[in-house]
Amino acid sequence: MADGRDDRTKTERGLTIQPTFLNDPKLINLKEVFVEWINSTLKVEHIVVRSLEEDLYDGLVLYHLLRRFTDIQLPVEEIALTAEAQIRKLEAILTALNEVFEINKEAAKWSVKLIHSRDLLATLHLLVAMVRRFQPDLALPVVSVEVIQREVTKGGFKSDKQIEHITSQSDSKDDRGGSNKDCPIDELFKLDAHKIETVKKAIIHFVNKNISPLGLTVTDLEKQFSDGVILLLLIGQLEGFFIPLYDFHLSPTSSAEMVQNVTLALDLLIDRQIPVESVNPQDIVSQDVPATVKVLYYLFRKHKNK
């Protein structure tokens, strides 16, 4: 039984991934990186992706990624069951993304038709663009594939082989700045649990010493920092400035508002050369212990003598 793979790897540019390259370890690794990234980003919404081709074509996952990383609200159905509804949804999503990427429809290596037809090459190109725009610190393996380019001529079909670059060296870890790779917090979580608890207690003491003037007390790092409010107030206390209340959600009522708070906090820290580029705001909202402790550790390291 044919699996339809050839159809799914064709593009409107007449490109077809050579079937042998579908088993290339680097391509498989890239797909795994994207699956892990999507699942981590959408963990709080209980969305699980297993196949890029089968799980992204209807627009549901792309819509949630768009909402997670931007303030864009689209008048589309949450769950589109019919092909017509899915295509309308994809049209709205890709139009919005192309505007964010500042790329016109004709220049994009993806389209509604390609994504909806489960085109792997187009889906990968779209995800690379999303990572570069929304999480540029995520290292991607360098991947190129051999494709067959088919053209319709007066004499019939003309085909030619060429190399299609999906990612480049600038997307890989080796080409990134290494400001975070030696973070001791990454090593800490490889140690015994009691050593981790000792560090957490020291950070809690540091936090409470600095937020007590605000009448606040922290006992649970993961839970109390997950909405970004105390983190923003702590940054204001340590860095010596006031963050206007209208700049963030003082009482967030949704995960999206929490992500906005945490994103603002991380942006403020990055502006002050505190190396938290590798931290995903969603991880803190999801109460990920290493991500939360890493951010607080960098604040502790900078302000521990205050």
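Residues numbered from 1 in each chain as written. Predicted model: local features only at pLDDT ≥ 70, side-chain atom pairs only at ≥ 80, totals over all residues. Heavy atoms only, no water.

**What about the packing of aromatic side chains?**
Under the criterion given, the structure shown has six aromatic pairs. Residues Trp 37 and Phe 69 carry aromatic rings whose centres are separated by 5.8 Å and whose planes lie at 15° to one another, so their mutual orientation is stacked. Here Phe 69 lies in helix α4 (residues 60-69) and Trp 37 lies in helix α2 (residues 25-41), a separation of 32 residues in the sequence. You can call Trp 37 buried: its relative accessible area is 4%. Pairing Phe 69 with Phe 134 gives two aromatic rings, centres 5.1 Å apart and planes at 0°, and the pair type is stacked. Pair noted here: Phe 69 is in helix α4 and Phe 134 is in helix α7 (residues 120-134), with a separation of 65 residues, a long-range link. What makes Phe 134 buried here is its relative accessible area of 14%. Put simply, the rings of Trp 37, Phe 69, Phe 101, Trp 110 and Phe 134 touch in pairs and so form one group of aromatic residues. Lying over the aromatic face of Tyr 57, Arg 118 brings its terminal NZ or CZ to 3.7 Å of the ring centre. (Phe/Tyr/Trp six-rings, centres within 6.5 Å; stacked < 30°, edge-to-face > 60°. Helix = DSSP H or I, 4+ residues; strand = E, 2+ residues; numbered from the N terminus. Buried < 20%, exposed > 50% of the residue type's maximum accessible area, 1.4 Å probe, protein only. Lys NZ or Arg CZ within 6 Å of the ring centre and 35° of its normal.)

**Let's talk about unusual backbone geometry**
With a phi close to 65°, Arg 118 is a non-glycine residue in the positive phi region. Along the chain, Arg 118 falls in the loop between α6 (112-116) and α7. We note that Gln 273 has phi near 60°; this positive angle belongs to a residue other than glycine. Here Gln 273 shows up in the loop between α12 (255-271) and α13 (281-285). What makes Gln 273 exposed here is its relative accessible area of 66%.

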